[in-house]
Amino acid sequence: MEHRALSRLAAPAVAALLALTTACTGDTVQGRPGASGLRDPYFPRAGNGGYQVDHYALDLDYDPADGRLHGTAVITARAEQGLSSFNLDFSGLKVEGVTVQGEGARYNRTGNELTVRPAEDLKKGEVFRTEVDYSGKPKPLVDADGSREGWITTEGGAVAVGEPVGSMTWFPGNHHPSDKAAYDITLTVPRGYEAVSNGELRSRTEDADGRTAFAWHSPEPMASYLATAVIGPYKVTTGRTPSGIGLYSAVAPGEGAAGSGPLARLPEMVEWGSGRFGPYPFASAGAIVVPAGTLGYALETQGRPVFPGAPTEEELVVHELAHQWFGDSVSPKSWKDMWLNEGFATYAEWLWAEDHNGSTAQEYFEAFRTGDTDVDRDADVDWRAFPPAAPPGPEDISAEPVYYGGAMVLHRIRQEVGDEKFFALVRGWVADHRHGNASTADFTAYAEKKTGHDLKKVWDAWLYGKARPE
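Here's a quick rundown of the structure. If you're wondering where the values come from, they're calculated on a predicted model, not measured in any experiment.

Thresholds, definitions, all that
- Residues numbered from 1 in each chain as written.
- Predicted model: local features only at pLDDT ≥ 70, side-chain atom pairs only at ≥ 80, totals over all residues.
- Heavy atoms only, no water.
- Helix = DSSP H or I, 4+ residues; strand = E, 2+ residues; numbered from the N terminus.
- Rg over C-alpha atoms; globule rule 2.2 N^0.38 Å.
- Areas by Shrake-Rupley, 256 points an atom, 1.4 Å probe, with all protein chains shown as cover.
- Lys, Arg positive; Asp, Glu negative; His and termini not counted.
- Charge placed at Lys NZ, Arg CZ, Asp CG, Glu CD.
- Pairing = 2+ DSSP bridges.
- Axes fitted to C-alpha atoms, helices over the stretch in contact; angles between N-to-C directions.
- Parallel < 35°, antiparallel > 145°, perpendicular 65-115°, else oblique.
- Left-handed = near helix turned anticlockwise from the far one by under 90°.
- Contact = heavy atoms within 4.5 Å.
- Nonpolar A, V, L, I, M, F, W, Y, C, P; charged D, E, K, R; others polar.

## So, the overall build of the protein
Looking only at helices and strands, the protein features eight helices and 23 strands. In terms of C-alpha radius of gyration, the protein reaches 22 Å, essentially the compact-globule figure of 23 Å for 470 residues. A principal-axis box enclosing the C-alpha atoms of the protein has dimensions of 65 × 50 × 40 Å. Summed over its atoms, the accessible surface of the protein is roughly 17400 Å², and 47% of this surface lies on carbon and sulfur atoms. Of the side-chain charges in the protein, 43 are positive and 65 negative, and the distance between the mean point of each set is 5 Å.

## Details of the sheet that holds strand 9 (residues 141-142)
Here five strands make up an open sheet; going across it, the order is 9-10-11-16-13 and the pairing antiparallel. Pairing within the sheet leaves two strands with one partner each, and these edge strands are strand 9 and strand 13 (194-197). Alignment of strand 13 against strand 16 (residues 229-232), held across four bridges, turns out to be antiparallel. By the bridge assignment, Val196 is partnered in strand 16 with Val230.

## Re the packing of helix 3 (residues 339-355) against helix 5 (residues 400-417)
In contact at an axis separation of 7 Å, helix 3 and helix 5 are set at 65° when each is read in the N-to-C sense. As summarised for this structure, helix 3 and helix 5 are arranged roughly perpendicular, according to the angle between their axes. Crossing geometry of helix 3 relative to helix 5 is assigned as right-handed. Contacts from Trp339, Glu342, Gly343, Phe344, Thr346, Tyr347, Trp350, Leu351 and Glu354 in helix 3 reach Val402, Tyr403, Tyr404, Gly406, Ala407, Met408, Val409, Leu410, His411 and Arg414 in helix 5. Residue classes in the contact of helix 3 with helix 5 are distributed as twelve nonpolar, four polar and three charged.

Below, the structure written as structure tokens:
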């Protein structure tokens, strides 16, 4: 996420269901329901227990003229326990029917929880398919800082973004970053519109009714907050990086072109990131530029970050691109681990400048220590308001200490172990946790093992310490 934009927070109002009541009968639950939340430190009701999703197949039909979305979500998951019922996070839209393993299932809506009871209990280890049909006018979620996420209408279209829980406004699922899955997203829109999502465009098919279906495929695991759907009269450009990574970008009318400004260096940036961090983790790269003012932030939607208006600074493009390694491929186990996303992406900005005749990472580090805004205009922020690994609450997971304090932790490691071991650590971290999840504890243990250094003083002073390090 962009570090120079609004901080992001959202605490979804999701209700815990202690027993299942059905839409059809008054039967009581027999057996063991899956938990209605994963007890994340900041969003305890986000996600659901009892299963892990393997694949989402989303078939979405949207008409910008009336703002209505018709959707079918087919969710393939594996039961991690015997399940008499399970929950899906889902906000706002009307559920029209649910099946599990091809049979009609009872369901109940309470707040942002859709509780489903299969016709027969699911066995531990069983792979099961849940199909949910739904429709309505999606509404965005408004975070406590006033920013919006979820399905957001634009002039002549829409954009869907989901950090931290906004994806539940446009499809039901297990909306916590610890449950990553593959995706196939088909967007059907009126002819003349573009519809862009994650991954690679497998087909573009026009029907007799004057509508076009865009079928997108993302085989690599993706956290749901990184899923996107963008619809509108966009200009699409394609290409390849020098090493052959496919590029697909979409730019809203009046927002310039993907081949100009900082976005023109995106192919070069992908190659640079591959050299610094290891092979680019996805099959394609690119960018989506939505109309300026649509969002108050940029977001690292997987493979194709979303920017509110054409970016004017290379650092912003580098930041969101770096998230493809740090946050998208290696995703946090909980929202408390956000510094692993934002600290690395911020440090990538410093490295880009260092490698392209700008200030060195050491100069950035000293600038933030002294508040030297000649090196970085944000160097006087309160980057030590709290420890990077211990945000006080959900409103703080995208605050300055997570970004800048996190970057300074990384530089302190580099100072302690030297460049050779530091960059081997960074590349090893990405390679060994590719397409997975990791926590702060995972990183600190890995860093010490990979470098062979005792880094306890760094963790105590810079990662967890409450006092400003000297």
